[in-house]
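Each chain, letter by letter, is given below.
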Amino acid sequence: MSNEQRADSKANNNSAMQRDQSKSLQLRLLKKMLLIRRFEEAAARMYGLQKIGGFCHLYIGQEAAAVGVIEALDLKRDYVLTAYRDHGTAIACGMESGPLMAELYGKESGCSKGKGGSMHFFDKKRHFLGGNGIVGAHIPLAGGVAMAVKYNKSGGVVICFFGDGAIHQGSFHETLNMAAIWNLPVLYICENNRYGMGTDFRRVSSVTDFKAVGGGYGIESKSANGMDAAEVYNTTLEITEKMRAKNAPAFLELQTYRYKGHSMSDPGRYRSREELDHYKEQDPITLLRFTMEKSGFVDEEQFKKMDSEVKKEVETAIKFAEESREPPVKSLYEDVLA
């Protein structure tokens, strides 16, 4: 074989390897988004049947944000914190759907022993540090975790998700300032789904280009299409690689959209049918599926099989939650610090 033939063979092998890696990545992204979607649809059904009580904030429409970001991480050294719309983030971190559904049911086998409910999913083993119920309250916590990561020189980064409503909290601005001064390895991600409860973010934000807000503290700031899982993944990978090299904070705005109300009690009448239809044309699952079909990575039969497997997993999670026992009365006095 000539040198030219060897070069061609190596190039072909590299191309095939890159294609396989791309296919594998996109399959993972697609399946995780599907699992989140079906889990959330089931949660809505069970809430309607009064199997689930309390607050419940669904992630339908925003799946690409959590899945794209977390797929780019190394959860052996990286950490993730988010706000109260946490079901999708928990699933993206690899938490099992059974204990998650059981937590929604308030059962002892739930990921927080049935004591946290929808807003307080948590998994120390997977470096998922919640689910936090107060708007903006977890943003300083993420700064503290980043300080520990830097002190221990683990090479990790901390991801902190929050909504556009939290941008206006003092805790956001104070923490970004400290993170910039102390060079903390924390990536603050604003999932801008356009509404703080029922208020369009443009009505309450003097600056609507949120990357300018992050840039105001002298840290690298970017925006990305939060409905495109591949774009979210690539953007996160690029930012976190720089953060690891520089040991510095960053800010990312993901422009996304939630298809359901703020919570289960919100009918969403503050937005038009035309607006909702416009964003459903950009559905993150449909978008990735279409891209994969064009590349020959998936066909209709394979997609239906994947969807069927995911639905079966969610039904198993419901059965697990139904059959799990209620927390005993004595548990009221356990895990209490003071």
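The next point concerns the packing of aromatic side chains. Geometry of an aromatic ring pair is reported as the spacing of the ring centres plus the angle between the planes. Summed over the entire model, instances satisfying the criterion amount to seven aromatic pairs. Between the aromatic rings of Phe162 and Tyr188, the centroid separation amounts to 6.3 Å while the plane-to-plane angle is 55°, which identifies the pairing as tilted. Taken together, the residues span a long stretch of sequence, with Phe162 in strand β2 (residues 158–163) and Tyr188 in strand β3 (residues 186–192) at a distance of 26 residues. Overall, the relative accessible area of 2% leaves Phe162 in the buried class. Overall, the relative accessible area of 0% leaves Tyr188 in the buried class. Pairing Tyr257 with Tyr279 gives two aromatic rings, centres 4.0 Å apart and planes at 5°, and the pair type is stacked. Taken together, the positions of Tyr257 in the loop between β7 (250–255) and α10 (273–280) and Tyr279 in helix α10 put the pair 22 residues apart, joining distant regions of the chain.

Quick look at the sheet that holds strand β6 (residues 220–225) now. Here five strands make up an open sheet; going across it, the order is β1-β2-β3-β7-β6 and the pairing parallel. Two strands bound the open sheet, and with one partner strand each, they are β1 (79–81) and β6. Strand-to-strand twist in this sheet, taken as the mean axis angle between neighbours without regard to direction, amounts to 20°. Pairing of β6 with β7, which is carried by six bridges, proceeds in the parallel orientation. The partner of Ala224 across the bridge, within β7, is Leu254. On the sheet, helix α2 (residues 63–71) packs against β1, β2, β3 and β7 and is oriented at approximately 170° with respect to β2.

Glancing now at the pairing of β7. With five of its six residues buried, β7 lies for the most part within the structure. In terms of strand pairing, β3 meets β7 through six bridges, oriented parallel. Paired with Asn192 across the bridge in β7 is Gln255. Taken together, β6, helix α9 (residues 229–246) and β7 constitute a β-α-β crossover, and its handedness is right-handed.

With that settled, consider the nonpolar core. Side chains of nonpolar character tend, in soluble globular proteins, to be buried together. With 70 residues, the main nonpolar core has Ile70, Val80, Met101, Ile159, Leu187, Ile189 and Leu254 as its most contacted residues. At eleven residues, the largest contribution of residues to this core is made by helix α1 (residues 3–48). Excluding its chain neighbours within four sequence positions, the residues that come into contact with Leu254 are Ala65, Val69, Ile189, Cys190, Glu191, Asn192, Ala224, Gly226 and Val232.

Under the criterion given, the structure shown has 25 salt bridges. Between Arg45 and Glu315 there is a salt bridge, with the nearest N and O atoms lying 3.2 Å from each other. Linking Arg45 in helix α1 with Glu315 in helix α12 (residues 300–323), this pair joins segments that are 270 residues apart in sequence. What makes Glu315 partly exposed here is its relative accessible area of 42%. Taking the shortest distance from any N to any O, the salt bridge between Asp78 and Arg244 comes out at 2.7 Å. Note that Asp78 is positioned in the loop between α2 and β1 and Arg244 in helix α9, a separation of 166 residues in sequence. Judged by its relative accessible area of 0%, Asp78 falls in the buried class. Each of Arg38, Glu41, Asp307 and Lys311 takes part in a single network of salt bridges with overlapping partners.

Here is what the cut-offs are and how they apply
- Residues numbered from 1 in each chain as written.
- Predicted model: local features only at pLDDT ≥ 70, side-chain atom pairs only at ≥ 80, totals over all residues.
- Heavy atoms only, no water.
- Phe/Tyr/Trp six-rings, centres within 6.5 Å; stacked < 30°, edge-to-face > 60°.
- Helix = DSSP H or I, 4+ residues; strand = E, 2+ residues; numbered from the N terminus.
- Buried < 20%, exposed > 50% of the residue type's maximum accessible area, 1.4 Å probe, protein only.
- Pairing = 2+ DSSP bridges.
- Axes fitted to C-alpha atoms, helices over the stretch in contact; angles between N-to-C directions.
- Contact = heavy atoms within 4.5 Å.
- Right-handed = clockwise from strand over helix to strand, strands pointing away.
- Core = buried A, V, L, I, M, F, W, Y, C linked by side-chain atoms within 4.5 Å.
- Salt bridge = Lys/Arg side-chain N within 4 Å of Asp/Glu carboxyl O.

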